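Residues per chain, in single letters:
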Amino acid sequence: MPLGKKERSSSAPGQLQTKHATSLLSELGCTEEWMRNSSGPGSQNEKTSTPKQESVGEKIKEQPEWLVREMLRQNRRRHSIALGDQAQFVRQVQHPDSTHRLCILQIYELISLADLQTLKLAFEEFEMRGMTSINVKNFELIVKKYLNLPIMGNAQIQGLFKKIDYSDKGRISWGDLCTYMLQEYKERQDTARRNKQVAFTLPATVKALPHGIPTINIHSSNEGTIITVREDGFVCYWSPELKPFKTKHMFNEGPVGRNSKWASDFTLMAEYNKLMIATGDREIQLYELFTLEPYCQISTLNTVPLTLDYGYTGLDKCSILYGDPEGCVNIILISSVGDTLRLWNKLPRTENIPTIAIENAVLSPNVTFVRWKVHKDWVTQVKYFPSLHTVVSSSNKESSSVVLGCVLPLTDAEQQLTEIREACYEGKTKKVQLNWSPQLRASCDQMVFTVHKGVKTFDLCQKRSLLVTGGMDRLIRLWNPHSSGQPIGVLKGHCSPVIYLRISAEDSHIFSVSTDRAVKIWDIQDQCCLLAVEPKASGIHGDISACLYSSAMKSLYIASDCMAVLSLKIRPRLHSRMTISHNEPVTCCGFSEEFRQVVSCSEGSVIKVWDFDTGRQIFEFVGTPDLSVITCMTFDLNERRLITGGRGGCLKIWNFNNGQCLKTLKKDGECHEVCDCIFLKVQRNCHVISVGRERKIDIYSDLPEDFHHIQRPQPSWQDDLKNGHKEDILCLAQCPPSLLATSSYDGEIIVWNVVSGHIQCRFVSPPVAEHVKGCINLWSVPGGGKFVGSIKASTFKQKITKLATSEKTPMLYAADQIGYIYVYNIEKFTPQQKCHGAENFWRAHTSRITGLQIVDNDQVVLTSSTDCTVRLWSAYGEFIGTFGQSERWSIQNSSSWKHPAAPYDVLIDPLSLPEHEMQNVKIPPSDSNHADKTEAHRGQPKDLS
């Protein structure tokens, strides 16, 4: 309703009566102004913090009308709290999963373009009244009013507001909301594209081919054998790695002095273990697949079979298809295949192979011959697809580039009835006269696709309902096989004619090869190129004559002047009971209490955000374009921003909920690896402090209002320049409010006063002997760095990689490089005691632990490791789960934990096996063989000298 429009007064008792329709800001205006005016003690409007009723009325006139109704609906008075309210609150505390599960839903997944336009108008209405940004209360009202999302409660909307308001200003604008949504959508698109990335092992494995005679085709058997046939009839069997193990020249078995025979194409009859070769002498020859002995042949075909295919139609039936130079598709249908072939095998031999002429073959009731006139030019490819009962053929003629047709005529009902009547009443089973005249299919029995310059290759996939074609115009067209109108997509990228196409339905990929030996992999859904391999990279040379993609071997085989294979890089398949969080080793992790999220970083520069309460992945993005390793991370004080450091030598500040890089912190000139970083507050100022291979402490001021993307460090402390570390600084730790400790590679520890920049004290760790690795040293900082004592932490004498303390308990957690976690009670430590036993210990990972954090409020331990996992444990070592696992957990519900189970990789690792007394049995020295075995079982290295 327009502002100021007169409205009829309500006569119903107890209802609000007004003479004017008010706007959205009416109810909020007073609160907004009061908060703005009373925000500080020196506010000039402090005295008017309780406005008069007239001023309220004046403000009401300025507000959008829908906000008044929304406020009246939501701010209903409650004079008492029922028991049910308290019970509901208790249930929410005990079961927070639903809240966090809804938080995982992204806003762009829930709203439409129309909703966005409406939201924009709402923000603009605020701007018209001088509010360039809104607070969380107004944001809640706008979202609830316009988005109409009943699943989003106040907690979810407030969580979204905090993600947008990463700098904790308390207000956001329309631009902030759009920036957040666009950045998040972009990163999710990049993640989806990154997850689809594929790669070949380059260069290709290449085997030289002698004689330079072209290979006519490549096929693979059910056992994985790669079979090639050359034009001169030379057959070669290869292993998947291109190691030849069987060869035979098929056309040298005939009488001496006869004219040379050449092969035009070949295929496999896998169900009958036969190799079928089409020859230039108008023959189709069958050989035993394993012995390559001649079995039989069909001779005296009317035309030369240029391209050959075979299809098994079930119930001992098959079809043999070939295309010829006259544009015809010839189909030989055989029933009772086994008996028919055995009968042909007993016929007289011609040139050492049993032969039957096609005229005699069709006399058999088990053989039917059909010849379709399909194209106006020679057939470039023909295939039979049994699942669709369809024959697909192609030619270089534009008007009939690709034709999908039936095997037998489907529309001649009168002829079918005549044949049934003759078979039933007159005893006739089939016509006995072979007709070489090609037939024309009815228009409803075929579908014709017109492609510019014709088609040289195609593939059809029923699962994807997709037909792809390629040819001289260098374009790959995607078609709906049920409609011959316009293509549903065109893939551009090849610079020469496309000669091979293959659809991999299980991977949703299209493989293509062109005459210039360029190989490309395309994504079907996105219709984009995932990988392009040029000849220089693959090492393939010569003119390509045949290609084959084997989905079983995940390899592309190419025959040219050489035989080459391009194998896809396949990620190793994990055991079904194993779960990983990253595809690369995890370098660090941390917990954000603000959003109850876990953030982890990997060596591949991938940053993942996880839901702490369920273990589900929420978001991921790439930290650096060059994919350099992220070495460390920390959060700001509000835990809304992430700071990461890497081998590239710079730090980056992120809004980790949408992947937006807010700032880059780096020095001028050459940058060295950052080993550790921390965010701290000194008096009223916040700083990011980093250390690393530079051997200096870099301090960056945290200035959210500074809009420069690249920020330089402050001048170094004079004590740091003159008396600082002489070796690489590996780590640092803070002791509020003003102490900072740094440790270098040579074991020196320096405690700094961050207010003055001076050294408080310094001390050097005692040299570590080989037999005392895994110790924790304790020092007294108030005592000027006095050495207090040490704890032999690692049972296996492994280096300690991470330390963490609990803020609410005197427990110290230590992690070593083989994945063990040890828990010590510091209050029980006494320097006089030589052996300090651990309160608890367990093995969390199978390799070096890179992240260790205690979440005191939930009494859990967060860990990460180079074994590519991020895991959660109770404070007592009970296994909750691995982030990324299929089963969700609830922190408050221990029945959802993995405990009493342990991680599968930890269980099967030899170092996790408990010691047994039999392992310590002494073996007599005379029995040397048994002694060696016992030493091996102990895990002791044998002296091989």
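Residues numbered from 1 in each chain as written. Predicted model: local features only at pLDDT ≥ 70, side-chain atom pairs only at ≥ 80, totals over all residues. Heavy atoms only, no water.

## Topic: the overall build of the protein chain
What the protein chain contains, in helices and strands, is 16 helices and 55 strands. The buried share among the 945 residues of the protein chain stands at 47%. Taking as baseline every contact in the protein chain between residues at least 6 positions apart, the subset at least 24 positions apart corresponds to 51%. With an accessible surface of roughly 48,000 Å², the protein chain has 51% of that area assigned to carbon and sulfur atoms. (Helix = DSSP H or I, 4+ residues; strand = E, 2+ residues; numbered from the N terminus. Buried < 20%, exposed > 50% of the residue type's maximum accessible area, 1.4 Å probe, protein only. Contact = heavy atoms within 4.5 Å. Areas by Shrake-Rupley, 256 points an atom, 1.4 Å probe, with all protein chains shown as cover.)

## Focus: the environment of Ile216
By the secondary structure assignment, Ile216 is in strand β2 (residues 215–220). Counting along the chain gives 12 residues from Ile216 to Thr228, while the straight-line C-alpha distance between them is 7.6 Å. The residues touching Ile216, leaving out its near neighbours within four places in the chain, are Val229, Arg230, Glu231, Ala263, Ser264, Asp265, Phe266, Ser545 and Ala546.

## Observations concerning the pairing of strand β45 (residues 758–764)
Pairing between strand β44 (residues 748–753) and β45: six bridges, direction antiparallel. Across the sheet, Trp752 pairs through a bridge with Ile759, a residue of β45. From the end of β44 to the start of β45, which pair antiparallel, there are four residues, and Gly757 there has a positive phi angle of about 80°. (Pairing = 2+ DSSP bridges.)

## A closer look at the pattern of salt bridges
Using the criterion set out here, one finds 42 salt bridges in the structure. Here Asp190 and Arg193 are joined by a salt bridge, their closest N and O atoms 3.0 Å apart. One end of the pair is Asp190 and the other is Arg193, both in helix α9 (residues 174–195) and three residues apart, which spans about a single turn. A relative accessible area of 40% places Arg193 in the partly exposed class. Through salt bridges with shared partners, a single network forms among Lys162, Asp165, Asp168, Glu594 and Arg640. (Salt bridge = Lys/Arg side-chain N within 4 Å of Asp/Glu carboxyl O.)

## Section: the nonpolar core
By size, the foremost hydrophobic cluster in this structure holds 27 residues, and its most contacted members are Met269, Ile332, Trp344 and Ile358. Residues contacting Trp344, with those up to four places away along its chain left out, are Cys296, Ile298, Ile334, Pro354, Ile356, Ala361 and Val367. In this structure, Ile142, Leu160, Phe161 and Met181 belong to the second largest nonpolar core, which totals 21 residues. (Core = buried A, V, L, I, M, F, W, Y, C linked by side-chain atoms within 4.5 Å.)

## A look at the sheet that holds strand β4 (residues 234–238)
Taking strand neighbours across the sheet as the criterion, the four strands line up as β2-β3-β4-β5 in an open arrangement whose pairing is antiparallel. Sheet topology places β2 and β5 (244–249) at the edges, where each strand pairs with a single neighbour. Averaged over all neighbouring strand pairs, the angle between strand axes comes to 15°, with direction disregarded. Pairing of strand β3 (residues 226–230) with β4 involves four bridges; the strand directions are antiparallel. Directly across from Ile226, in β4, lies its bridge partner Trp238. (Axes fitted to C-alpha atoms, helices over the stretch in contact; angles between N-to-C directions.)

## Examining the packing of helix α6 (residues 113–128) against helix α7 (residues 136–147)
Each pair of packed helices gets described by two things: the angle between the helix axes and the distance between those axes. One way to put it is that α6 packs onto α7 with a least axis distance of 10 Å and a crossing angle of 145°. In this structure, α6 crosses over α7, and the sense of that crossing is right-handed. Where α6 approaches α7, its residues Asp115, Thr118, Leu119, Ala122, Phe123 and Phe126 are matched on the opposing element by Asn138, Phe139, Ile142, Tyr146 and Leu147. Residues of the contact of α6 with α7, tallied by class, amount to eight nonpolar, two polar and one charged. (Left-handed = near helix turned anticlockwise from the far one by under 90°. Nonpolar A, V, L, I, M, F, W, Y, C, P; charged D, E, K, R; others polar.)

## Digging into the environment of His709
Among the secondary structure elements, His709 is positioned in the loop between β40 (698–701) and β41 (710–711). Sequence separation between His709 and Ile653 is 56 residues; the distance between their C-alpha atoms is 9.9 Å.

## Digging into the packing of aromatic side chains
Applying the stated criterion across every chain yields a total of 22 aromatic pairs. Centre to centre, the rings of Phe449 and Trp479 are 5.2 Å apart; their planes meet at 75°, and the pair counts as edge-to-face. Of this pair, Phe449 sits in strand β18 (residues 446–449) while Trp479 sits in strand β21 (residues 476–479), placing them 30 residues apart in sequence. Owing to a relative accessible area of 0%, Phe449 belongs among the buried residues under this scheme. The exposure class assigned to Trp479 is buried, which follows from its relative accessible area of 2%. Taken together, the aromatic side chains of Phe796, Tyr820, Tyr822 and Phe841 make up a single cluster linked through ring pairs. Taking the ring centre of Tyr295 as reference, the NZ or CZ of Lys274 above it sits at 4.4 Å. (Phe/Tyr/Trp six-rings, centres within 6.5 Å; stacked < 30°, edge-to-face > 60°. Lys NZ or Arg CZ within 6 Å of the ring centre and 35° of its normal.)

## Looking at the environment of Leu333
By the secondary structure assignment, Leu333 is in strand β12 (residues 328–335). Through-space distance from the C-alpha of Leu333 to that of Leu321 is 8.7 Å; in sequence the pair is 12 residues apart. With sequence-adjacent residues up to four places away left out, Leu333 is seen in contact with Cys318, Ser319, Asn366, Val367, Thr368, Val407 and Leu408.

## Looking at the pairing of β5
Pairing geometry for β4 and β5, over five bridges, is antiparallel. Bridge assignment links Cys236 to a residue of β5, and that residue is Thr247. From the end of β4 to the start of β5, which pair antiparallel, there are five residues, and Leu242 there has a positive phi angle of about 65°.

## Points about the sheet that holds strand β51 (residues 840–843)
Spatially, the four strands line up as an open sheet ordered β48-β49-β50-β51, and their pairing is antiparallel. Each edge of the open sheet carries a strand with a single partner, namely β48 (800–805) and β51. Recorded for the sheet is a direction-independent mean angle of 15° between the axes of neighbouring strands. The sheet contact formed by strand β50 (residues 820–825) and β51 spans four bridges and is antiparallel. Within the sheet, the bridge partner assigned to Tyr822 lies in β51 and is Phe841.

## A closer look at the confidence of the model for the protein chain
Across the protein chain, the average pLDDT comes to 83, with 80% of residues at 70 or higher. The low-confidence segment residues 1–62 (pLDDT under 50) makes 91 contacts with residues lying over four places distant or belonging to another chain. (pLDDT = per-residue confidence, 0-100.)

## Section: unusual backbone geometry
Glycine aside, the phi torsion of most residues is negative, and most peptide linkages are trans. Note that the residue after Pro736, namely Pro737, is joined by a cis bond; omega there is 5°. Geometrically, the link from His899 to Pro900 is a cis peptide bond, its omega value of 10° lying close to zero. Tracing the backbone shows Pro900 in the loop between β55 (879–882) and α15 (904–908). Phi is positive for Gln527, close to 55°, though the residue is something other than glycine. For Gln527, the position within the fold is in the loop between β25 (519–523) and β26 (528–533). Since its relative accessible area comes to 32%, Gln527 is described here as partly exposed.

## What about the packing of helix α8 (residues 154–164) against α9?
Contact pair α8 / α9: the axes reach a minimum separation of 10 Å and the direction vectors enclose 90°. As the angle between them shows, α8 and α9 are arranged roughly perpendicular. Of the residues in α9, those in contact with Leu160, Lys163 and Ile164 of α8 are Asp176, Leu177 and Tyr180. Of the residues contributing to the contact of α8 with α9, the split by class is four nonpolar, no polar and two charged. (Parallel < 35°, antiparallel > 145°, perpendicular 65-115°, else oblique.)

## Structural notes on helix α10 (residues 337–345)
For α10, the complete set of buried residues consists of Val337, Gly338, Thr340, Leu341 and Trp344. Down the axis of α10, the buried side of the element spans an arc of 165°, and every buried residue falls inside it. (Arc of directions from axis to C-beta.)

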